[in-house]
There are 2 protein chains.
Amino acid sequence: MATTTDLYPSRKSEPDEFFPRRDPTVYGTPDDGPLEQEQLDRYRRDGFLFFPGFFSGNELGQYRKELSRLCCDPDMAGREEVITEPDGEEVRSIFRVHHHSQLFDELSRHPRVLPMAEQLLGSPVYLHQSRINYKPGFKGKGFNWHSDFETWHAEDGMPAMRAVSCSVILTDNDMYNGPLMLIPGSHRYFIPCAGPTPDNHYRQSLRVQKLGVPDTDSLAHMIESGGIESAIGPAGSLLLFECNLLHGSNANMSPTPRSNAFFVYNSVFNTPDRPFGARHRRPGFLSNNESFAPLKTARAKHRTDLARETDSALRPA
Amino acid sequence: MATTTDLYPSRKSEPDEFFPRRDPTVYGTPDDGPLEQEQLDRYRRDGFLFFPGFFSGNELGQYRKELSRLCCDPDMAGREEVITEPDGEEVRSIFRVHHHSQLFDELSRHPRVLPMAEQLLGSPVYLHQSRINYKPGFKGKGFNWHSDFETWHAEDGMPAMRAVSCSVILTDNDMYNGPLMLIPGSHRYFIPCAGPTPDNHYRQSLRVQKLGVPDTDSLAHMIESGGIESAIGPAGSLLLFECNLLHGSNANMSPTPRSNAFFVYNSVFNTPDRPFGARHRRPGFLSNNESFAPLKTARAKHRTDLARETDSALRPA
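Residues numbered from 1 in each chain as written. Chains lettered and ligands numbered in written order. Predicted model: local features only at pLDDT ≥ 70, side-chain atom pairs only at ≥ 80, totals over all residues. Heavy atoms only, no water.

### A look at the overall build of chain A
Summing up its helical and strand segments, chain A has nine helices and 13 strands in all. The C-alpha atoms of chain A give 19 Å as radius of gyration, which agrees with the globular expectation for 317 residues (20 Å, within 12%). In chain A, which comprises 317 residues, the proportion classed as buried is 59%. Accessible area of chain A: about 13300 Å², with a carbon and sulfur share of 50%. Of note, chain A has its 35 positive side-chain charges centred 4 Å away from the centre of its 41 negative side-chain charges. (Helix = DSSP H or I, 4+ residues; strand = E, 2+ residues; numbered from the N terminus. Rg over C-alpha atoms; globule rule 2.2 N^0.38 Å. Buried < 20%, exposed > 50% of the residue type's maximum accessible area, 1.4 Å probe, protein only. Areas by Shrake-Rupley, 256 points an atom, 1.4 Å probe, with all protein chains shown as cover. Lys, Arg positive; Asp, Glu negative; His and termini not counted. Charge placed at Lys NZ, Arg CZ, Asp CG, Glu CD.)

So this is what it looks like as structure tokens:
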């Protein structure tokens, strides 16, 4: 998609008022995929859908094992894709995880997940970003309220709001281990963030974000009108949330990590060009610039095994 | 009280295992005050008592007004008692608040509060410390898990565990504005903290505490055995918690402040002498070294007014 019009100006020197989004929230219809009208309506209103216990059993176990493996993988140490906590050496996130793990590549193209993303965006999709977040026990710090789209637009050049994030929760989430918090309905407004973007801003912002953060008056307005909800649920729960939905999290006060796998689906009709609010685009591990080819549903070997398991689980004992 | 024996060694260069407390938790009996046997038993087991909506109406309104007044008082600006947030100029806490406010002085000697402290400690009490915490909306940061007694013992010289903290919650507390979190039962063990105390450590620790923080293995053990509870309730709620109970809090993710008044009652038989784990005692605004005289129940004018109000509220309309 070639565009020169900046629909969502941000990172100007002067602060600006928030305004209603200029794109649809839901691009598809109930005929386009597994989500029903009621779910599409809820997503349009709230900006997210939460599915407690979406994955379970062996399948979930495999993802959890892979998560632990990657964190200790000596091949990963020192890579730019590996982000540590702001005041320590604990691994906070690993990016481009669909390149580093066949299993997470398959998860990103899971036949129960990918069609929902395609339906919400009304088109084929590709991965703009993938990562796993660890949030280690006691050490995992929080994130201030922010819209991902603001950054993807200003720093990556994503033109329109036609992307959806998918978080697969791989550890039980409760109110003490720093679950994702969401401001329902906030995706319906764009809050321009003041201040020009310094070069290589991502090196700072992935640890503690200070720029690209909405002003407190706008935030207060969004919370007064929509409240706050937490994505709390058992390991295996799945959260789909709109790219412009305000979200944040608190520190992990519990002994155990709060980990998830995170995939950002962008419409193939919404590929980034030049950033709208920065001099250079962020590197490829944050903002895919390698392939905009539509994702294809995974049909890997382990998926066949899983189908067999599910099948036998359904048979009377 | 004169003592030379260090019952709770801490701040040594090598880490040490936690061990059971060497003092009683409850010093008084049901005959000594308003708390009943069941409440004393619960305090002994959990290390805290929570009273939702303990204060209300005009009385609560007065405390809230006084809280706002002090925060903006130009006489307070620049005083050492005023602590700001770690990365900003917002007021985080004001210490020695019973010196700066007649109303909070009276609250600290409130006839419904003071007798509970005296009963729990089985003796007359004096104020070891008083403060108000603001925790401003969006800007208020959290506190890592810690025992207050560990600091009061190591840095102030408080000999034994015979003190109780009283938090009067002056704004509604919910899970999003950084309420106090407690680890029930953790007061029954002392966790020595490794590392010698630098001089003037309090200047750092009141903003972000890094020393005097328990090791993660001990913390994990305490949480696995006792869980985590949050002091969530309406403005006017009151929390009494034992001086060695592990507690912490998360950042305030909401637009509104989470404020409270905080009084530390220490037994007059437990007055501090020289610090057990630091070269110098902390200044008087943190660790009262002016007067160990027993507190007397407040009988001020506004208390009479309040009694009258309560009285008329009880009369049939």
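### A closer look at the relation of the copies chain A and chain B
For the pair chain A and chain B, the best superposition has an RMSD of 0.0 Å and corresponds to a rotation of 180° with a translation of 0.0 Å parallel to the axis. Viewed as a symmetry operation, the transformation between the two copies matches a two-fold axis. Proximity to the rotation axis, assessed at the C-alpha, singles out A:Asn250 in chain A; its C-alpha lies 3.2 Å from the axis. Of all interface residues in chain A, 100% are interface residues in chain B too; the two copies therefore contact each other through one and the same surface. (Least-squares fit on C-alpha atoms with pLDDT ≥ 70 in both. Contact = heavy atoms within 4.5 Å.)

### Notes on unusual backbone geometry
Residue and element names in this part refer to chain B. Residues other than glycine seldom take positive phi values, yet Arg 11 does so here, at roughly 60°. For Arg 11, a relative accessible area of 5% puts it in the buried group. Notably, Phe 138 is not glycine yet its phi reads approximately 65°, a positive angle. The residue Phe 138 is located in the loop between strand 5 (125–133) and strand 6 (143–146) in this model.

### So, the confidence of the model for chain A
Residue and element names in this part refer to chain A. Mean pLDDT for chain A: 89, with 92% of residues reaching 70 or above. Segment residues 303–317 is flagged for pLDDT under 50; beyond a separation of four residues in sequence, or across chains, it makes eight contacts in the model. Both confidence scores are given for the complex: pTM 0.87, ipTM 0.83. (pLDDT = per-residue confidence, 0-100.)

### Some remarks on the sheet that holds strand 10 (residues 229–230) of chain A
Strand order in the open sheet formed by four strands is 6-12-8-10 (chain A), with antiparallel pairing between adjacent strands. Edge strands, defined here as strands with exactly one partner in the open sheet, are strand 6 (143–146) and strand 10 of chain A. (Pairing = 2+ DSSP bridges.)

### As for helix 6 (residues 148–156) of chain B
With nine of nine residues buried, helix 6 of chain B lies mostly within the body of the structure. Of the residues one or two after helix 6 of chain B, B:Gly157 is the one with positive phi, at around 90°.

### Quick word on the interface of chain A and chain B
In this assembly, 21 residues from chain A lie in contact with 21 residues from chain B. In this assembly, chain A packs against chain B so that about 1900 Å² is buried in total across both faces, 71% of it on carbon and sulfur atoms. Interface area lost by chain A to chain B is led by A:Phe138, A:Tyr176 and A:Met253, which between them contribute 35%. Where chain A meets chain B, there are zero salt bridges. One can count six residue pairs in polar contact (both at pLDDT 80 or more) joining chain A with chain B. For the side of chain A that touches chain B, the secondary-structure elements that each account for two or more residues are strand 6, helix 8 (216–226), strand 10 and strand 12 (247–249) of chain A. In terms of residue count, helix 8 of chain A provides more of the side of chain A that touches chain B than any other element does, four residues in total. (Buried area = accessible area lost by both parts, 1.4 Å probe. Salt bridge = Lys/Arg side-chain N within 4 Å of Asp/Glu carboxyl O. Polar contact = N/O pair within 3.5 Å; in protein donor to acceptor, adjacent residues only side chain to side chain.)

### Some points on the environment of A:Gly137
All names here are of chain A. Mapped onto the elements, Gly 137 comes out in the loop between strand 5 (125–133) and strand 6. Remark: the alpha-carbon pair of Gly 137 and Ser 259, spanning 122 residues in sequence, is separated by 9.9 Å. Not counting chain neighbours up to four residues away, the residues in contact with Gly 137 comprise Asn 252, Ser 254, Pro 255, Thr 256 and Pro 257.

### Some remarks on the sheet that holds strand 5 of chain A
Residues and elements named next belong to chain A. Strand order in the open sheet formed by seven strands is 2-11-7-13-5-4-3, with antiparallel pairing between adjacent strands. With one partner strand each, in any of the chains shown, strand 2 (48–51) and strand 3 (82–84) form the two edges of the open sheet. Strand-to-strand, the axes of this sheet are offset by a mean angle of 15°, without reference to chain direction. Two strands pair when backbone bridges link them, and strand 7 (residues 163–169) and strand 13 (residues 260–267) are joined in this way by seven bridges, in the antiparallel orientation. Bridge pairing in strand 13 links Cys 166 to Phe 263. The strands touched by helix 5 (residues 114–121) are strand 2, strand 5, strand 7, strand 11 (238–242) and strand 13; relative to strand 13, the strand with the most contacts, the crossing angle is about 40°. Helix-sheet contacts for helix 6 (residues 148–156) involve strand 5, strand 7, strand 11 and strand 13, and the interaxial angle to strand 5 is about 115°. (Axes fitted to C-alpha atoms, helices over the stretch in contact; angles between N-to-C directions.)

### Quick word on the pairing of strand 5 of chain B
Residue and element names in this part refer to chain B. Across the nine residues of strand 5, nine count as buried, placing the element largely inside the fold. Bridge count for strand 4 (residues 91–95) against strand 5 is three bridges, and the pairing is antiparallel. Each bridged residue has a counterpart across the sheet, and for Ile 94 the counterpart in strand 5 is Ile 132. By the bridge criterion, eight bridges tie strand 5 to strand 13 (residues 260–267) in an arrangement that is antiparallel. Opposite Ser 130, over in strand 13, you have Phe 263 as the bridge partner.

### Considering the packing of aromatic side chains
All names here are of chain A. The full count for this structure, using the stated rule, is 26 aromatic pairs over all chains. Summarising the aromatic geometry, the rings of Tyr 8 and Phe 190 are spaced 5.0 Å apart at their centres and angled 55° between planes, so their arrangement reads as tilted. Here Phe 190 lies in strand 9 (residues 189–190) and Tyr 8 lies in the segment before strand 1 (19–20), a separation of 182 residues in the sequence. Its relative accessible area of 1% is what places Phe 190 among the buried residues. Between Phe 18 and Tyr 189 the ring centres are 5.6 Å apart and the planes differ by 75°, which places this aromatic pair in the edge-to-face class. Of the two residues, Phe 18 is situated in the segment before strand 1 and Tyr 189 in strand 9; the sequence distance between them amounts to 171 residues. For Tyr 189, a relative accessible area of 30% translates into the label partly exposed. (Phe/Tyr/Trp six-rings, centres within 6.5 Å; stacked < 30°, edge-to-face > 60°.)

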